Amino acid sequence: MAVYNLKINGTRMEVDVDPSTPLLWVLRDHLKLVGTKYGCGIAQCGACTVHLGDTAMRSCSLPVSSVGNQEVTTIEGLSENGDHPVQKAWLEVDVPQCGYCQAGQIMSAAALLKSNPSPSDADIESAMNGNICRCGTYVRIKKAIKMAAEEQAS
Ligand code: FES
Ligand code: FES
């Protein structure tokens, strides 16, 4: 076991865990930040996506020991009042169906728009390629990302 002082959603949080513990389980089991979901556990579905700095990362495959001083942002910390442009567009377009994959989808979309404020269709497809939705909400996801990009630009 080892003690880690992590910066998560702007707050320092301390956990005492095995260094190999995936960040996902630190978030969900130790810090009760359960918005980040478990899907596959092998970095293949995107349900567990969080931001490490400004980069979208699969938290199921990221040992807590490799987080270091990088800031972690989860869906709970993306905005204070659920009013990030991506979250607003998601509501406007009514993207979710069952909802299970959606935190990961939103975190990937937000990271995309941070690095590329005006993505093309191909950019969106490439960035969102690893986020699987069993309910098939892909068309609405793309529409919402475009709407969020327009709002950010205005
Ligand atoms: S649970 Fe992490 S990518 Fe599927
Ligand atoms: S909304 Fe059901 S898995 Fe994506």
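So, a few notes on the structure that sits alongside this text. (Residues numbered from 1 in each chain as written. Chains lettered and ligands numbered in written order. Predicted model: local features only at pLDDT ≥ 70, side-chain atom pairs only at ≥ 80, totals over all residues.)

1. Topic: the overall build of the protein chain
Here is step 1 of the chain: Scanning the protein chain from N- to C-terminus turns up 5 helices and 5 strands.
Here is step 2 of the chain: For the protein chain, the succession of helices and strands along the chain, N to C, is β-β-α-β-β-β-α-α-α-α.
Here is step 3 of the chain: In terms of overall size, the protein chain behaves like a compact globule, its C-alpha atoms giving a radius of gyration of 15 Å where 154 residues would be expected to give roughly 15 Å.
Here is step 4 of the chain: Overall, the C-alpha framework of the protein chain stretches about 45 × 30 × 25 Å when taken along its three principal axes.
Here is step 5 of the chain: Per-residue burial for the protein chain yields a buried fraction of 38% across its 154 residues.
Here is step 6 of the chain: Within the protein chain, residue pairs in contact and separated by at least 24 positions form 61% of the contacts whose partners lie at least 6 positions apart. (Helix = DSSP H or I, 4+ residues; strand = E, 2+ residues; numbered from the N terminus. Rg over C-alpha atoms; globule rule 2.2 N^0.38 Å. Buried ≥ 20, exposed ≤ 12 C-beta atoms within 10 Å, placed from the backbone. Contact = placed C-beta atoms within 7 Å.)

2. Topic: the nonpolar core
Here is step 1 of the chain: Core analysis: the largest hydrophobic core is formed by 40 residues, its most contacted members being Val86, Ile106, Met107, Ala109, Ala110 and Ala148.
Here is step 2 of the chain: If you list the elements that add at least two residues to this core, you get strand 1 (2-8), helix 1 (23-30), strand 4 (55-58), helix 2 (85-93), helix 3 (102-115), helix 4 (121-128) and helix 5 (138-153).
Here is step 3 of the chain: The element that contributes the greatest number of residues to this core is helix 3, accounting for 8 residues.
Here is step 4 of the chain: Composition of this core by domain shows at least three residues from each of domain 1 (2-77) and domain 2 (85-153). (Core = buried A, V, L, I, M, F, W, Y, C linked by C-beta atoms within 7 Å. Domains from an automatic or database assignment.)

3. Some remarks on the pairing of strand 4
Here is step 1 of the chain: Both strand 3 (residues 49-52) and strand 4 contribute to a ladder of 4 bridges, which runs antiparallel. Across the sheet, Val50 pairs through a bridge with Met57, a residue of strand 4.
Here is step 2 of the chain: Connecting strand 3 to the next strand, strand 4, in antiparallel fashion are 2 residues, including Gly53 with a positive phi near 65 degrees. (Pairing = 2+ DSSP bridges.)

4. Details of the pairing of strand 2 (residues 11-17)
Here is step 1 of the chain: With 0 of 7 residues buried, strand 2 lies mostly on the surface of the structure.
Here is step 2 of the chain: Across 7 bridges, the pairing between strand 1 and strand 2 is antiparallel. Within strand 2, the position partnered with Ile8 by the bridge is Thr11.
Here is step 3 of the chain: From the end of strand 1 to the start of strand 2, which pair antiparallel, there are 2 residues, and Asn9 there has a positive phi angle of about 50 degrees.

5. A look at the packing of helix 2 against helix 5
Here is step 1 of the chain: Viewed as axis vectors pointing N to C, helix 2 and helix 5 meet at an angle of 130 degrees, and their least axial separation amounts to 8 Å. Here helix 2 lies oblique to helix 5, going by the angle between them. Of the two elements, helix 2 crosses helix 5, and the hand of that crossing is right-handed. Residue-level inspection shows Pro85, Val86, Lys88, Ala89, Trp90, Glu92 and Val93 of helix 2 in contact with helix 5, the latter providing Arg140, Lys143, Ala144, Met147, Ala148, Glu151 and Gln152.
Here is step 2 of the chain: Across the contact of helix 2 with helix 5, the residue classes tally to 8 nonpolar, 1 polar and 5 charged. (Axes fitted to C-alpha atoms, helices over the stretch in contact; angles between N-to-C directions. Parallel < 35°, antiparallel > 145°, perpendicular 65-115°, else oblique. Left-handed = near helix turned anticlockwise from the far one by under 90°. Nonpolar A, V, L, I, M, F, W, Y, C, P; charged D, E, K, R; others polar.)

6. What about the packing of helix 2 against helix 3?
For any two helices packed against each other, one specifies the crossing angle of their axes together with the interaxial distance.
Here is step 1 of the chain: Packing of helix 2 against helix 3 leaves a shortest axis separation of 9 Å and a crossing angle of 125 degrees. Comparing their axes, helix 3 and helix 2 come out oblique. You can see that helix 2 and helix 3 cross each other, and the crossing is right-handed. Every residue of helix 3 that contacts helix 2 at Val86, Gln87 and Trp90 is listed here: Ile106, Ala109, Ala110 and Leu113.
Here is step 2 of the chain: Among the residues forming the contact of helix 2 with helix 3, the class breakdown is 6 nonpolar, 1 polar and no charged.

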